[in-house]
Structure formats: C-alpha cells, structure tokens
Amino acid sequence: MKVCLVVDDSRVIRKVARRILEDLGFEVAEAGDGAEALGWLRTVTPHVILLDWNMPAMSGLEFLRELRAQPRGEAPRVIFCSVENDLERIREALSAGADEYIMKPFDGDIVASKLAMAGVL
Amino acid sequence: MQLVARLCAERAGLRIDPEKHYLVENRLAPVARREGFSSIEEFLGAVRDRDEERLIWALVEAMSPSETSFFREPETFELIAQKVLPDLARRSEGRPLRVWAAACGTGQEVYSLAMLLSEQPAAGSTFELTGSDLCERRLEKAQSGLYSQFEVQRGLSAHRLVRHFENAEEGFSLSPRIRSSVRWRRVNLVEDVGRMGRFDLVLCRGLTPHLTEAARERVLKNLVDALSTGGILALGPGEAAPGLVAAPGLAGFLMRAEDRRAAA
C-alpha cells in the first residue's frame, strides 16, 4: 500500500485529506508542521507528501528545501496544498522541488487528478 | 419536461432523459433568472406561449452537454502530441494543419491542444485551431480565456498553469499567445457544417451519447464529411462512426477505411 504523509497545521484539513486519500487506497500519516514531518521521515520514506505552505514551526517551503537536500530526499513526490494562489508563489514551490500544487479548497477529484499528474496514482 | 425534451430534440438533436429533473433544474434555473423570470415554470410558460427564437435557444443551449476539463483523458493528448500530429505533419507537405474541436464547451479541450502545440511544435508545421460549440455563452467564456481556480485544477498540471496563465482578478487568465491561436465559431452540428471546410484532425468527444439516434447519424456524417483525405476523428470512449475504422497504431482515433488502405 502506498503511503502519503499529510503535513498541515489544521486538524480539519488533515482529516478531510485523510478521508480522500484512504478512499484512493493510500495509507496516511499526519504531521502538524515541517519540523514534525522531518522527524517522521527519519523512520519512513512516504511515496508522496501533501504539504501545506504556512505552518508555525517550519513552513512548507523550508521543509521542502531541507527534504530535497537530504540523501534520498528526491524520492518522495511532493504536492503542495495551500491557500496561496499567486502564480509567483507556485513557481517558487515548483523551483524548490514540488511536483504538483493544489490550491485550497480542494475536493477528491482534484486530489486524484494531482496525484495522477505527480505519478503516484 | 416534454416541452424541454421536444425543443432540444428538434433544434439540436439532443436527447433529454425525462427522468433527469435535477439536470433540467440545474441548467434552466440560471437561464430563467438571467431572463428575468421568477421561476423555471414561469420561464417555460413564456417559452411555450411567446414562441420566441431567442428564448427557445436560451433553453436549448443551456441543455446542451457541458462537461469538459483541461487535458481530459490525458492519454488521448499524449497520442496526439507523440503520434497523430507528427504523422499528419509529415503528410501535409508544408500546408497548415487544420484542427477542429467540435462541441468544445468553454474551450478547455481546444486550449489544451493549443498549449500542447506551443510546447512541442511538430517540426516545420503550422496549425489552424478552431473551437466550436452550440452555446453562445460558453463560447464567450472560452474566448475570454478566464477560468476559475476550480477549473484550472481539473486536468491542468501546475507546470502548465504557471507557464500558460496569469493571475486575474477572479481566477486565472490564459496567455494572449494561446488565446489568439484559436478561432471560434458557433456551430450546430446537426445542421450543414460544410462551410467549416475540411480538417486534418477533428475532436468531438462525449457528445454523441447525448443525441437522439437520428441526430447522432447526422452529426457523425457531418464530422466524417469534414475530414480531409487521411484525416483523423477522435470520439469519446465507446463512441463509433459508420464508415470509419481504427487508425493504425492510434487507439481511440478513427479514419476512413480507404485512407487507411492508402496509408498502409
């Protein structure tokens, strides 16, 4: 079973994402910010990470840069999932190594479509 | 309901399932409001009593199928980029290739082609892209190139979004370069479409299941007649056209049997 790590400081978003991802056949793990997510990655490498941008301890962008700098850090697909819809910010996310980008609010069709584009569905 | 079904069948060959009350309500409520009626019933009463072409067409256009998204069934677009257009370009002897997205709704299908062509131009070829639909309002939206956040997330990758769009006040605006590469026509496919000329590639995916049997025959004949020699027709999954056979090596694409023999 494919594993998806959902990194978001909103419990509600994590719950909605979990429901959608489990319906799509993923095993889901959760982290409340980038720092917690990095800790989680010391033990398991997920197939895909659904990543919020604005979080308290470590932003999604900082997390992504740190992830991609790590050995085997290129492996997980990363899909940003944020309220940011400025194309400059989306460019920034893609340049930092994001594979796809979801603008909130999202639904199951959008998540499935983006997972497929990122090559994990 | 009978009035809606009759008008849709007469004017555009559309088959309206009498069971689908919700569909009629969803589609006609905004039209009734726009036309200044307080309810769908009042709007339908006016359509029946006044017999005004403008109101009748407002109804029929709103009931025509509108399901669309960018790069719908992405494997179709992959084949178009990798195989269909390069093959057609090789045979074109330098003349522009003509491509028609029929019943293209709010334009996502034909703009997907335009983006594809700007990203991977088939060597030495030029293209004329035409998008058509029955519904004037959908064509207006298509021409504006403005799409909501929800629409640009259906089928469009983030890489294509940042490459081909700009932020707009509400949603996203397609770049003028892509927008200007498409010509638009209002076309009722059950009528004579001879004025459109001949095309090397015609896409009309997902329309024919919504047509009456007689209209389906007429529309398919029109689409086949619109193909140039060696031209390719793309219909939706499970749709077929009499007189056409599968194009060699191109799953889901059709061509005339005699063209296939000549190409062999």
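In this numbering scheme, every chain counts its residues from 1 along its sequence in written order. To label them, take the chains in the order written and letter them from A, then take the ligands in the order written and number them from 1. Local features in this predicted model are restricted to residues of pLDDT 70 or higher, and side-chain atom pairs are both shown and tallied only at a pLDDT of 80 or more, whereas totals for entire chains, interfaces and linings draw on every residue. Only hydrogens and water are set aside; all other atoms, that is, all heavy atoms of the structure, feed into the side-chain values.

1. Considerations on the domain arrangement of chain B
Residues and elements named next belong to chain B. Note the threshold: Either an automatic procedure or a domain database provided the assignment from which the domain bounds are taken. Every residue pair with non-hydrogen atoms within 4.5 Å of one another is taken to be in contact. By convention, the term buried area covers the 1.4 Å-probe accessible surface removed from two parts as they join, with the contributions of both added. Whenever a carboxyl oxygen of Asp or Glu lies within 4 Å of a side-chain nitrogen of Lys or Arg, that contact is scored as a salt bridge. Polar contacts, as used here, are pairs of N or O atoms within 3.5 Å; protein pairs need one atom able to donate a hydrogen and one able to accept it. Residues neighboring in sequence count only if both atoms are side-chain atoms.
The domain architecture assigned to chain B consists of domain 1 (2-63) and domain 2 (74-138 + 182-263). When each unit is reduced to the centre of its C-alpha atoms, the spacing between domain 1 and domain 2 is 30 Å. Residue-level contacts link 11 residues of domain 1 with 13 residues of domain 2. Around 1000 Å² of area is buried between domain 1 and domain 2 when both sides are counted, 49% of it from carbon and sulfur atoms. Looking only at domain 1, the three residues that lose the most surface to domain 2 are Gly13, Arg15 and Glu61, adding up to 51% of its buried area. Where domain 1 touches domain 2, the interface holds 1 salt bridge. Salt-bridge contacts for Arg186 lead to Glu61; the nearest nitrogen and oxygen are separated by 3.2 Å. Linking domain 1 with domain 2 are 8 residue pairs in polar contact (both at pLDDT 80 or more), by the criterion used here.

2. Some thoughts on the interface of chain B and chain A
Which entries qualify depends on this criterion: Only runs of H or I of at least four residues qualify as helices and only runs of E of at least two qualify as strands under DSSP, and these elements are numbered from the N terminus.
Between chain B and chain A, the contact holds 15 residues from the first and 19 residues from the second. Here chain B meets chain A over a buried area of about 1400 Å², counting both sides, of which 58% is carbon and sulfur. When the buried surface of chain B facing chain A is broken down by residue, Gln149(B), Gln153(B) and Val162(B) rank first, second and third, together holding 43% of it. Joining chain B to chain A, the criterion identifies 0 salt bridges. If you look at where chain B meets chain A, you find 8 residue pairs in polar contact (both at pLDDT 80 or more). Put simply, the parts of the chain that give the side of chain B that touches chain A at least two residues each are α8 (149-152), α9 (158-164) and β4 (165-167) of chain B. Broken down by element, the residue count for the side of chain B that touches chain A peaks at 4 residues, all from α9(B).

3. Description of the side chain of Glu61(B)
Residues and elements named next belong to chain B. Our working rule: To sort residues, take the accessible area from a 1.4 Å probe on protein chains only and compare it with the maximum for the residue type: under 20% means buried, over 50% means exposed, and anything in between is partly exposed.
Within the secondary structure, Glu61 sits in helix α4 (residues 53-63). Looking at Glu61, the relative accessible area reads 10%, which means it is buried. Once residues lying within four places of it in the same chain are set aside, the contact partners of Glu61 are Leu134, Cys135, Glu136, Arg137, Arg138 and Arg186.

4. Some details on the packing of aromatic side chains
For clarity, the threshold we go by: Stacked, edge-to-face and tilted labels apply to pairs of Phe, Tyr and Trp rings (six-membered ring for Trp) whose centres lie within 6.5 Å, assigned for plane angles under 30 degrees, over 60, and everything in between, in that order.
If you walk through the whole model with that rule in mind, you get 9 aromatic pairs over all chains. With a centroid separation of 5.0 Å and an interplanar angle of 40°, the aromatic rings of Trp53(A) and Phe80(A) are classed as tilted. Here Phe80(A) lies in strand β4 (residues 77-82) and Trp53(A) lies in the loop between β3 (48-51) and α3 (60-69), a separation of 27 residues in the sequence. You can call Trp53(A) buried: its relative accessible area is 3%. Take Phe80(A): its relative accessible area is 0%, and that puts it in the buried class. Geometrically, the ring pair formed by Trp100(B) and Phe199(B) is tilted, given 5.2 Å between the ring centres and 35° between the ring planes.

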